[in-house]
2 protein chains.
Amino acid sequence: MKTGNIPEPTVRRLSLYLRELENLWRADHRTVASRKLAAALKFTATQIRKDLAYFGQFGQRGIGYDVGELITKIRHILGTDRTWNVLLVGAGNLGMALSAYRGFAKKGFKLVAVFDADPSKVGKSIPMQPEIRIQSVDEIPATVKEKDIRLAILAVPGEAAQPLVDTLVQSGIRGLLNFAPVSIDVDAKVAISSVDLAVQLEQLSFQVGSGV
Amino acid sequence: MKTGNIPEPTVRRLSLYLRELENLWRADHRTVASRKLAAALKFTATQIRKDLAYFGQFGQRGIGYDVGELITKIRHILGTDRTWNVLLVGAGNLGMALSAYRGFAKKGFKLVAVFDADPSKVGKSIPMQPEIRIQSVDEIPATVKEKDIRLAILAVPGEAAQPLVDTLVQSGIRGLLNFAPVSIDVDAKVAISSVDLAVQLEQLSFQVGSGV
DNA sequence: TAGTGTGAATGGATTCACAGCC
DNA sequence: GGCTGTGAATCCATTCACACTA
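About the cut-offs
- Residues numbered from 1 in each chain as written.
- Chains lettered and ligands numbered in written order.
- Predicted model: local features only at pLDDT ≥ 70, side-chain atom pairs only at ≥ 80, totals over all residues.
- Heavy atoms only, no water.
- Least-squares fit on C-alpha atoms with pLDDT ≥ 70 in both.
- Contact = heavy atoms within 4.5 Å.
- Core = buried A, V, L, I, M, F, W, Y, C linked by side-chain atoms within 4.5 Å.
- Buried < 20%, exposed > 50% of the residue type's maximum accessible area, 1.4 Å probe, protein only.
- Domains from an automatic or database assignment.
- Near = heavy atom within 4 Å.
- Helix = DSSP H or I, 4+ residues; strand = E, 2+ residues; numbered from the N terminus.
- Nonpolar A, V, L, I, M, F, W, Y, C, P; charged D, E, K, R; others polar.

Chemist: Describe the relation of the copies chain B and chain A, naming the residues involved and giving the relevant values.
Modeler: After a rotation of 180° and a shift along the axis of 0.0 Å, chain B superposes on chain A with an RMSD of 0.0 Å. Here the symmetry operator amounts to a two-fold rotation axis. Residue Ala 97 of chain B of chain B places its C-alpha closer to the rotation axis than any other residue of that unit, at 3.1 Å. Here 97% of the contact residues of chain B are again contact residues in chain A; the copies associate through an equivalent surface.

Structure follows, in structure tokens:
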């Protein structure tokens, strides 16, 4: 599938369309118009149609989109119509919360390994998934290959992040979800998505503060 | 402070500039050029200068920016040169991890109350902050007023989110960081920032998958 | 009639190019 | 010489307007 010419904002919205379509499906809606979808997500109907049109013609003029079909199509576009093996580095508070988060599995992301640098944590099992035991970070390269892992979640302190990223990338990881509050340097072929929780609150502070 | 005419992407980047400047300060750099900052964050130097120029003239031609001064200025712009009281709704896995996250306090966000709908959790104290006890969600309105809370973090299941948001907004909350995987409907005067962890992984799946 | 798909127009953010200052 | 600040030019996403189809 081509990707170079798809606007980034479009890809972000695609995930939100999918989420909303899954809700509609659960609520027994089998068809939906761009206008309806737009209202729920507070986008414009035109934008939704244009976004979808990058990938093909999915709708029926006069009727709208078939919810089930569109779900299938978007999952295919996003690559979530299959299971991804995912690893997690960092078994601290946040890491443990993420490992227990059911939302990942629902979307086809399967946590298959957890690593931590702290020897006292190694060997312990993690909540809800007794089959996973915390491994030493030294075992990252071997485990990535053995379990065919392409995606990694990084939930470690800022100082520890970059060296671990280098290890992950050298081991064959292709995409990285980074929770460490530092900017990460990777080869362009590796996808990276960063979430800095404090930054999110700062954005709110700006918006709220300016209105006071 | 004016805000209406500041591009949203600029505000997002401001937080990242601040983060990087704080790192530079810790590493004993007292002055920095836009080019250097740009290299670290992988933006362009021009973009940084233009972003900062929205708020004033902070640099010295021929020299660059004074790190300490710029930190002060950006904190003021973002409104984080003071302490914000924050509440958390949802004492599940994610909520507890967030309540223990030290990154918030470092940036001036002080967690002062935690709520959960589950009566069996009410009354328990939370890790690391024995002075905070989990309260019933019924107590939200009174506590928001009493403790002068403006920002809320929402870490509850999707189904529970919207009614709680309505309560929060009616209680006087002005900004909301939402971790529930649903789209939230609020009055335009309330700032909202959403983080959907599964969506983040989907973005990686798309980027990685398209290159396979 | 209701709703999609899409070229054209618009609007807004990024980048360029350079004047101005240390 | 080095670097900021900024109008002008460019680029790119969004919106408009409408042809088209069930």
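Chemist: Residues and numbers for the nonpolar core, please.
Modeler: The biggest cluster of nonpolar side chains holds 52 residues, and the ones touching the most others in it are Val 114 and Ile 153 of chain A together with Val 114 and Ile 153 of chain B. Once residues within four sequence positions are removed from consideration, Ile 153 of chain A is found in contact with Val 86, Leu 87, Leu 88, Val 89, Leu 98, Phe 104, Leu 177 and Phe 179 of chain A together with Leu 201 of chain B.

Chemist: Run through the domain arrangement of chain A, naming residues and quoting values.
Modeler: Interface size, as often reported, equals the accessible area lost upon joining of the parts. Assigned domains of chain A: these are domain 1 (8-78) and domain 2 (84-199). Between the C-alpha centres of domain 1 of chain A and domain 2 of chain A the distance comes to 31 Å.

Chemist: Could you give an account of the protein's contact with DNA strand C, with specific residues and numbers?
Modeler: Taken together, 26 residues form the shell around DNA strand C, and within it Ser 34, Arg 49, Gly 59 and Tyr 65 of chain A together with Arg 13 of chain B come nearest. Protein-adjacent atoms of DNA strand C, using a 4 Å cutoff, are sugar or phosphate at a proportion of 62%. If you list the elements that add at least two residues to the surface near DNA strand C, you get α2 (34-41), α3 (45-53), β2 (59-60) and β3 (64-66) of chain A together with α1 (8-26) and α3 (45-53) of chain B. In terms of residue class, the surface near DNA strand C is built from 8 nonpolar, 10 polar and 8 charged.

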